Amino acid sequence: MLARAVTHALVGLEPRRVEVEAHLERGIPGFAIVGLADRACQEAKHRVRSGISSALLEWPLDRRITVNLAPAGLRKEGSSFDLSIALAVLAASRQVPAERLAEHAAVGELALDGRIRPVRGAFAVAEGARSLGLELILCAPESAAEAELAGVQAVPVRHLGEAVAYLRGELQPAPVESPDETVEPELPDLADVRGQERARRALELAAAGGHNLLLAGPPGTGKTMLGRRLPGILPLLAPAEALEVTRIHSVAGLLAPERPLVLRAPFRAPHHSSSTAAIVGGGPGPRPGEASLAHRGVLLLDELPEFQRPTLEALRQPLEDGMIAIARASGQALFPARFQLVATMNLCPCAGRGDPAAECSCSPQRLAAFRDKLSRALLDRFDLVVTVPRPRAAELAAGPSEASQPVRVRVAAARVRLREAAPLRTKAADELLTRAVERLPLSGRGRARVARVARTAAALAESDAVESEHVAEALAYRSPKELAA
Amino acid sequence: MSGELALASFAAATESHLIAEPRSVRFARFKASFDAAAEHRRLAARGYRFLARSDGSFPTLLGAIHDPPPGLFVRGTGATELLSKDAVAVVGARACSPYGRQVARRLGRELAAAGLVVVSGMARGVDGEAHRGALEAGGLTIAVLGCGIDRDYPAAHRPLAREIAEAGLIVSEYAPGVEPAPWRFPARNRIVAGLCAATIVVEARERSGALITADLALEEGREVFAVPGEITSALSDGSNALLRLGATPCTGSADVLESYGLSPADEHVLELGDQAAAVLERVRESAASADELGRATGLGAGELAGVLTELELAGAVIVEEGIVRASG
Ligand SMILES: Nc1ncnc2c1ncn2[C@@H]1O[C@H](COP(=O)(O)OP(=O)(O)OP(=O)(O)O)[C@@H](O)[C@H]1O
Ligand SMILES: [Mg+2]
Ligand SMILES: [Zn+2]
């Protein structure tokens, strides 16, 4: 007796079709899973057997059961095949109709008592199902809204018994509630930041142009505060971007069941003690790292010089081409990682530099090593560098600052402008740029960066052309030589 | 006459410092097989020249020190006669303070504007600022290196080196290809001091390279100026000690120009917009952050950033660690 169920394995973000074939034959009773299944996947034997018994279904005791996961060349990792394996075994033992099962994809982990647990990547698995022409997917209720984003109909089932009853036509599970798109958590607001006009302006430019921003300065001047307020002035994701980001967050298991579609530009702020794998991705699975979770959004590296050098080096590739490739025995997993980098740092290791109330106690060697590490790592990737000085008491006591909302409106308008009619440099602006390249320490790459920031400044000013004043402003945010080694 | 180029090439090949022909078999062999004409051609192909000590246009002041180099390798578009013009050395700490930077830049600019050639070592800090100041004034400047003239050391000064080579000269007693080494720098300093009738020490710690330059200048009977520094700053210990020992205080370029019998160039009038002029006026009162300048002048952060670039390009202000200072 042979029965089949279809599901998908994930290679990176990509769903690969997996056929689960259950074969029951006479012989010495036993249960084997073949087809390059890893340990977690092998353990499905126990969960499936226990789940079937708990659901008061019949375990075919007198049969030799072989489950083949095809294609054999593809490594099967994790517990997401449990539900498909259980259903294939049940179809092979004629407890559920095989032809009904063939109309469904399935994804989910089984608990020992037969409950169905959500697994990461349900969105991508559902996308795979749809590409095969399947319109129905059996999954845990927590995964239902996520799976439906792929354009299939989810059949939410809490328990293996429920899945069986449904397939037998004895039960119609409650439809998925449409996700609530209104309740979004509040983001921190720019109104909280006193003074720091220059840094705020740079933040607005970064938001409008998607530029990488470095905030440097003494402690307690609001650098971290400002960095955390970037998401609040970014526009919502375009529909195609939202799906892209959702796919990544699904694979990482980060989607909120009640609000699976990621509408806001993601914001990730990994701690500087994070491993390189945590930041660029890897591990079993492999899983996307923080850089990919920040795709189409913001990656904040707070205290940049504290990150390990190899971690910073590993970020150069995605900063260059927006992709992270993770080599695995089973092939290469590709994760998109087109993020906007925001970083903060002090001006020297003792943090005394730039602070009128303190004095730098760093030895020249220590300072040189600090700058060297920094400049070799990522310094040349920042489009905007702002030194945030310590404000005087009067500034902190000044009236309330502009809130995020009006800034967000300007940013959105500038983005439309940049997309639809990007302003071009006037002759005078061009001359200024050329003069600046001659006089300032500015590389070819630096020049291109200034040109881009100038275009953003023009778009924010609703100007049809990039004038010299926009180039002049952009030049003010170039990497200062005091940060370079 | 070509003996000097052979000597310099031999020193490079043996990684030694030589000012006179050694009496060794090794050198004799080297010299015998040395093809000076071919070496000159090789240098010329890279745009370099070699000015031998015995050459008539070798700078007299440098030739007069007690251990003049066998010759100078020269890079840049300037004529070698530049080496014999009235020159002043501006030297000081690499890790200088913002004050030191500001003073070096200003002295470089004003002395060059008045017609002096500004000589320094192209190091970070004071040296680099002095060269930049001279370039800003459209004046002449000479960088003396402690390595080959093709080395662009430190690497961060590569663009600066290019500018200096375009407007003035980069020279070294070491052949192209010689790598920088700490022991070569004091020797380099004797050339900096040797080319100049006066040396100005801007900021120097005790026992620093700049003090060595000053000592060498004093030994050769040249004038030494020191810029007074804060008595609480270790960065000024050396320069203030020089003052105590009798160096001439340098309280501005006029002090130096006077000893050359020159008068300051007319402060060249910057053509600035109204906004820039207002910002500059405020900066001249005292150093301030961009935000403070914005409040003082009513300019928005974006406009102000543009104005500050304008002032920086005009050489009127220096922005460092978020603080804007007047430099003129
Ligand atoms: N410009 C500001 N406006 C309002 N509050 C501020 C400002 N700057 C600092 N603060 C206060 O100081 C605290 C520390 O600020 P924040 O963490 O942003 O400093 P930082 O610049 O990141 O310092 P560090 O270099 O130590 O990380 C904030 O929680 C806030 O209460
Ligand atoms: Mg912080
Ligand atoms: Zn310090």
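Look a little higher up for the structure.
Residues numbered from 1 in each chain as written. Chains lettered and ligands numbered in written order. Predicted model: local features only at pLDDT ≥ 70, side-chain atom pairs only at ≥ 80, totals over all residues. Heavy atoms only, no water.

**What about the sheet that holds strand β12 (residues 323-326) of chain B?**
Residue and element names in this part refer to chain B.
Move 1: Taken in spatial order, the three strands line up as β10-β12-β11 in an open sheet, and their pairing is antiparallel. Strand pairing shows two members of the sheet lacking a second neighbour, β10 (288-289) and β11 (317-320), which therefore form its edges.
Move 2: Where β11 and β12 come together, four bridges link them in antiparallel fashion. Note on β12: the bridge partner recorded for Val319 is Val324.
Move 3: This element, helix α5 (residues 98-113), spans β11 and β12 of the sheet and lies at about 155 degrees to β11. (Pairing = 2+ DSSP bridges. Helix = DSSP H or I, 4+ residues; strand = E, 2+ residues; numbered from the N terminus. Contact = heavy atoms within 4.5 Å. Axes fitted to C-alpha atoms, helices over the stretch in contact; angles between N-to-C directions.)

**A look at the side chain of Glu127 of chain A**
Move 1: Counting through the fold element by element, Glu127 of chain A comes out in helix α5 (residues 122-131).
Move 2: In this structure, Glu127 of chain A is in contact with Ala150 and Arg247 of chain A, ignoring residues within four places of it in sequence.

**Regarding the site of ligand 1**
Residues and elements named next belong to chain A.
Move 1: Ligand 1 sits among 13 residues. The nearest are Arg194, Gly220, Lys223, Thr224 and Glu303.
Move 2: One of the backbone N or O atoms of Arg194 is found 2.8 Å from a nitrogen atom in ligand 1.
Move 3: Here an oxygen atom of ligand 1 sits 3.1 Å away from a polar atom, N or O, in the main chain of Thr221.
Move 4: Surface burial for ligand 1 is 66%, taken as the share of its 630 Å² of free accessible area covered by protein chains.
Move 5: Its residues placed into classes, the shell around ligand 1 shows three nonpolar, six polar and four charged. (Near = heavy atom within 4 Å. Polar contact = N/O pair within 3.5 Å; in protein donor to acceptor, adjacent residues only side chain to side chain. Areas by Shrake-Rupley, 256 points an atom, 1.4 Å probe, with all protein chains shown as cover. Nonpolar A, V, L, I, M, F, W, Y, C, P; charged D, E, K, R; others polar.)

**Some details on the pattern of salt bridges**
Residues and elements named next belong to chain A.
Move 1: Tallied over the entire structure, the rule returns 44 salt bridges over all chains.
Move 2: Glu244 is the partner of Arg296 in a salt bridge, and the nearest nitrogen-oxygen pair spans 3.0 Å. Residue Arg296 is found in the loop between α12 (290-293) and β12 (298-301), and its partner Glu244 is found in helix α10 (residues 239-251); the two are separated by 52 residues along the sequence.
Move 3: Exposure remark for Arg296: the relative accessible area of 29% places this residue in the partly exposed category. (Salt bridge = Lys/Arg side-chain N within 4 Å of Asp/Glu carboxyl O. Buried < 20%, exposed > 50% of the residue type's maximum accessible area, 1.4 Å probe, protein only.)

**Thoughts on the interface of chain B and chain A**
Move 1: Each partner contributes residues to the interface: chain B has 25 residues there, and chain A has 28 residues.
Move 2: Together, the buried faces of chain B and chain A total about 2200 Å²; carbon and sulfur atoms form 54% of this surface.
Move 3: By the criterion of area lost to chain A, the three top residues of chain B are Asp291, Leu313 and Glu321 of chain B, representing 32% of everything that side buries.
Move 4: The interface formed by chain B and chain A includes two salt bridges.
Move 5: Between Arg478 of chain A and Glu312 of chain B there is a salt bridge whose closest N-O contact spans 3.1 Å. (Buried area = accessible area lost by both parts, 1.4 Å probe.)

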